[in-house]
Amino acid sequence: MHNLERTFAIIKPDAVLADYSDDILNMIEENGFDILAVRPHHWTREQAEQFYAIHKNRPFFGELVDFMISGPLVMLVLEKENAVAAWRDLMGATNPDEAAAGTIRNLYGANIGHNATHGSDSLENAKIEIGQFFPELV
Ligand code: CMP
C-alpha cells in the first residue's frame, strides 16, 4: 500500500545561523524524502503570527514569534510515504533534551524554543502550512 504524503518543514533560524542547514538537508535526503521545495526566507512578524496562530494563547507565543523572525530560515516541502510521521520521527521530540539519539533535534537543537526544525503535526495541518507558502504544492 502506498500512502504518499507531503509535509511542511522549517530549518529554524538557530540552525541556519549555526550553519547546520546542509547537514540537515543531507539527513533529509539520506532518509528517503523527496524535497519538492526549498526556499530560504526571512519571515515578517505577520507571517510568523499567521503560521503559529494555533499557539497564540500560549505563554511562549511572543518568544516563539520573536525567535522565528530573528534571522533567516529555510522552508521545505517534503514528500515520502507517511511523510508527516516520518519527518516527526527524524526530528525527534520537540524538546531536544528528550529527543532520541541521532535525531535532528538531539544533534542540532539547543532547547525547546531553539530546536532546529519544525514539522507539521498532522496531514490536515501540513496542507494548511504548505498552502500558506507553496499553494501550488498542496
Ligand atoms: P514547533 O514544532 O515549531 O511548533 C511550536 C513551537 O513552539 C515548538 O516547535 C517549540 O519550538 C515551541 N515551544 C513549545 N513549547 C515551548 C516553550 N515552553 N517555550 C518556548 N517555545 C516553545
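Here's what I pulled together on the structure shown here. Small disclaimer: the values here were computed from a predicted structure and weren't measured.

Some words on the environment of alanine 100
(1) Moving on: Checked against the element boundaries, alanine 100 lands in the loop between helix 5 (83–91) and helix 6 (104–108).
(2) Moving on: In this structure, the C-alpha to C-alpha distance between alanine 100 and aspartate 89, residues 11 residues apart in sequence, is 9.1 Å.

Description of the packing of aromatic side chains
(1) Moving on: Counted by the stated rule, this structure contains 10 aromatic pairs.
(2) Moving on: Centroid distance phenylalanine 8 to phenylalanine 51: 5.6 Å. Interplanar angle 45 degrees. Geometry classified as tilted. Of this pair, phenylalanine 8 sits in strand 1 (residues 4–11) while phenylalanine 51 sits in helix 3 (residues 45–51), placing them 43 residues apart in sequence.
(3) Moving on: Measuring from ring centre to ring centre gives 6.1 Å for phenylalanine 33 and tryptophan 87, while their planes differ by 85 degrees; the resulting arrangement is edge-to-face. A residue pair is termed long-range when its members are at least 10 positions apart, and phenylalanine 33 in the loop between helix 2 (21–30) and strand 2 (34–41) and tryptophan 87 in helix 5 qualify at 54 residues.
(4) Moving on: Using a relative accessible area of 1% as the deciding quantity, one classes tryptophan 87 as buried.
(5) Moving on: Of the aromatic side chains, those joined through ring pairs into one cluster are Phe8, Trp43, Phe51, Tyr52, Phe133 and Phe134.
(6) Moving on: If you follow lysine 80 out to its NZ or CZ, it ends over the ring of phenylalanine 33, 4.8 Å from the centre.

Basis of the calculations
Residues numbered from 1 in each chain as written. Predicted model: local features only at pLDDT ≥ 70, side-chain atom pairs only at ≥ 80, totals over all residues. Heavy atoms only, no water. Helix = DSSP H or I, 4+ residues; strand = E, 2+ residues; numbered from the N terminus. Phe/Tyr/Trp six-rings, centres within 6.5 Å; stacked < 30°, edge-to-face > 60°. Buried < 20%, exposed > 50% of the residue type's maximum accessible area, 1.4 Å probe, protein only. Lys NZ or Arg CZ within 6 Å of the ring centre and 35° of its normal.

Everything listed here is a matter of geometry and, on its own, says nothing about what the molecule does.
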